[in-house]
Amino acid sequence: MGNVGSIKSMLRRIGAPSLISGSIDDIQRARKLILPGVGAFDNGMKNISELGLLPVLNKQVLEKGTPILGICLGMQLLTEKSEEGGLPGLGWIEGRTVRFRFDARRKDLKIPHMGWNTVKVRKEGPLFAEMGDSPRFYFVHSYHVTCSRQEDVLGTTEHGYEFASAVSRTNIMGTQFHPEKSHRFGMALLRNFAEKI
Amino acid sequence: MKDGALVKTVKFKDPVYIGDPINTVRIFNELEVDELIFLDILSSKNQARPNFKVLTGIAEECFMPLCYGGGLRDLEDLFAVFNIGFEKVAINTYAAENPLFISRAAERFGSQSIIVSIDVKKNIGGKYEVMTLGATRNIKADPVEYALQVEKAGAGEILLTSIDREGTWSGFDLKLVKSVANAVHIPVIAHGGAGTVQHICEAAKQAGASAVALGSMVVFQNKGMGVLVNFPDESQLKKVLT
């Protein structure tokens, strides 16, 4: 679920040319990268490594400082590992991905977390610039990120408890929600990523 | 949707042409609606499979969550619809023909993505009855009992449509909505009859609807008037819903 096509459509709408690709050359030439995510953690990591992309991604992101935005599963892949699978993640954001865990008595709390919810922006930065104080976005996920370093938490959202719904560390960013499903808020975020970073 | 074009009916009859679905989606994008439900109203009657080409176009243009319903009777078709980029599917006729399908779909894709669509009409005696197949087949079921049945089968949400109110702008059938919303624990989307923001408030606050679906109100300028794709203003909605 989630649609790479929608991300491309939204980028086109805001005038940011984009290319959907899995090629090493394209990644090397890109000024910025977006890592969308659909499905399970291990599948995501397996696809990345099977395409031979780990070396070029590490080089572009960690050495060259190319800005990268992970979306939904893409944000989870930024972490060191996930309860959902056995493979290691990219490890660029210290922390892990865990499944939502609620008291059995809280029947109102559903997994997956699915629906519109607000993000509380926790630190200064260009990604959430000019969005007012309660930007809302669309979420669909059963797992969420826990950051080892508080300073990497860019935004939090409440679903039973507060969890990190956006992360950032220098050129590495991630959103748990789907900007491409969050109309004007998502568009503002992608515009900020395209123009302000 | 009918034959790839967007239409609006009244009491499930007399479809009026609204426009091209993809253009309409673009407008709803601007209007920032929360979620869109696309129903292909002839699929089951025509025993046709979903029009994947149109759905792909819609998914690529749509900047909010999407649900598709119409002629779904196959897990592979559900998989294809989700793959295109829809978040949810709505199943009507086949849910009544084969409730086990709902369980299997919920198991495979998660109940949060499976909406069961229940269309209800009042019979001559004033009793509510569930209809399927585009309101042509009376399955002789009480909506509350049927709703409980589909909830048990694994439905994540219920789209409850009053056939009698649909397209009339006269307000939701609050008695119907309340009876179902009180009986089940899953969210009930009230549908059929919305004409004003006040109606939305009634369905949500008085009848216990978790959500409302708007049809005529968002495609016509006003009752009996021409096509105008629109959406209530956010501040208006906030005022009546908080």
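For clarity, every value in this text was computed on a predicted model and none was experimentally measured.

Draft legend 1. Here's a closer look at the overall build of chain A. Looking only at helices and strands, chain A features six helices and 11 strands. By the compact-globule yardstick of 16 Å for 197 residues, chain A fits well, its C-alpha radius of gyration being 16 Å. Summarising its shape, the C-alpha atoms of chain A cover approximately 50 × 40 × 30 Å along the three principal directions. By the burial criterion, 51% of the 197 residues in chain A qualify as buried. Of the contacts made within chain A by residues no fewer than 6 positions apart, 71% connect residues no fewer than 24 positions apart. Accessible area of chain A: about 9100 Å², with a carbon and sulfur share of 49%. Side-chain charges in chain A split into 27 positive and 20 negative, and the spacing between the mean points of these groups amounts to 4 Å.

Draft legend 2. Broad picture of the interface of chain A and chain B. Counting residues at the interface gives 21 residues for chain A, matched by 22 residues for chain B. Buried surface at the junction of chain A and chain B, both sides included, amounts to about 1800 Å², of which 52% is carbon and sulfur. Across the contact surface, chain A and chain B share six salt bridges. On the surface where chain A and chain B come into contact, there are 13 residue pairs in polar contact (both at pLDDT 80 or more). Elements with a contribution of two residues or more to the side of chain A that touches chain B: α1 (4-13), β5 (113-118), β7 (136-141) and α6 (183-195) of chain A. In terms of residue count, the dominant contributor to the side of chain A that touches chain B is α1(A) (six residues). Taken together, the residues of the side of chain A that touches chain B break down into eight nonpolar, seven polar and six charged.

Draft legend 3. The nonpolar core, seen in detail. One finds Leu78(B), Ile91(B) and Ile118(B) to be the most contacted residues of the largest nonpolar core, which totals 72 residues. Ranked by residue count, the leading element in this core is helix α4 (residues 75-84) of chain B, at five residues. Counting 27 residues, the second largest nonpolar core, distinct from the first, contains Met10(A), Ala16(A), Phe177(A) and Leu189(A).

Draft legend 4. The arrangement of the packing of aromatic side chains in detail. All names here are of chain A. What the rule picks out here adds up to 14 aromatic pairs over all chains. With a centroid separation of 5.6 Å and an interplanar angle of 25°, the aromatic rings of Phe100 and Phe102 are classed as stacked. A relative accessible area of 3% places Phe100 in the buried class. Counting every residue linked through ring pairs, the aromatic cluster contains Phe100, Phe102, Phe128, Phe137, Phe139, Tyr161, Phe163, Phe177 and Phe185. Over the face of the ring belonging to Phe193 we find Lys32, whose NZ or CZ atom lies 5.8 Å from the ring centre.

About the criteria used
- Residues numbered from 1 in each chain as written.
- Chains lettered and ligands numbered in written order.
- Predicted model: local features only at pLDDT ≥ 70, side-chain atom pairs only at ≥ 80, totals over all residues.
- Heavy atoms only, no water.
- Helix = DSSP H or I, 4+ residues; strand = E, 2+ residues; numbered from the N terminus.
- Rg over C-alpha atoms; globule rule 2.2 N^0.38 Å.
- Buried < 20%, exposed > 50% of the residue type's maximum accessible area, 1.4 Å probe, protein only.
- Contact = heavy atoms within 4.5 Å.
- Areas by Shrake-Rupley, 256 points an atom, 1.4 Å probe, with all protein chains shown as cover.
- Lys, Arg positive; Asp, Glu negative; His and termini not counted.
- Charge placed at Lys NZ, Arg CZ, Asp CG, Glu CD.
- Buried area = accessible area lost by both parts, 1.4 Å probe.
- Salt bridge = Lys/Arg side-chain N within 4 Å of Asp/Glu carboxyl O.
- Polar contact = N/O pair within 3.5 Å; in protein donor to acceptor, adjacent residues only side chain to side chain.
- Nonpolar A, V, L, I, M, F, W, Y, C, P; charged D, E, K, R; others polar.
- Core = buried A, V, L, I, M, F, W, Y, C linked by side-chain atoms within 4.5 Å.
- Phe/Tyr/Trp six-rings, centres within 6.5 Å; stacked < 30°, edge-to-face > 60°.
- Lys NZ or Arg CZ within 6 Å of the ring centre and 35° of its normal.

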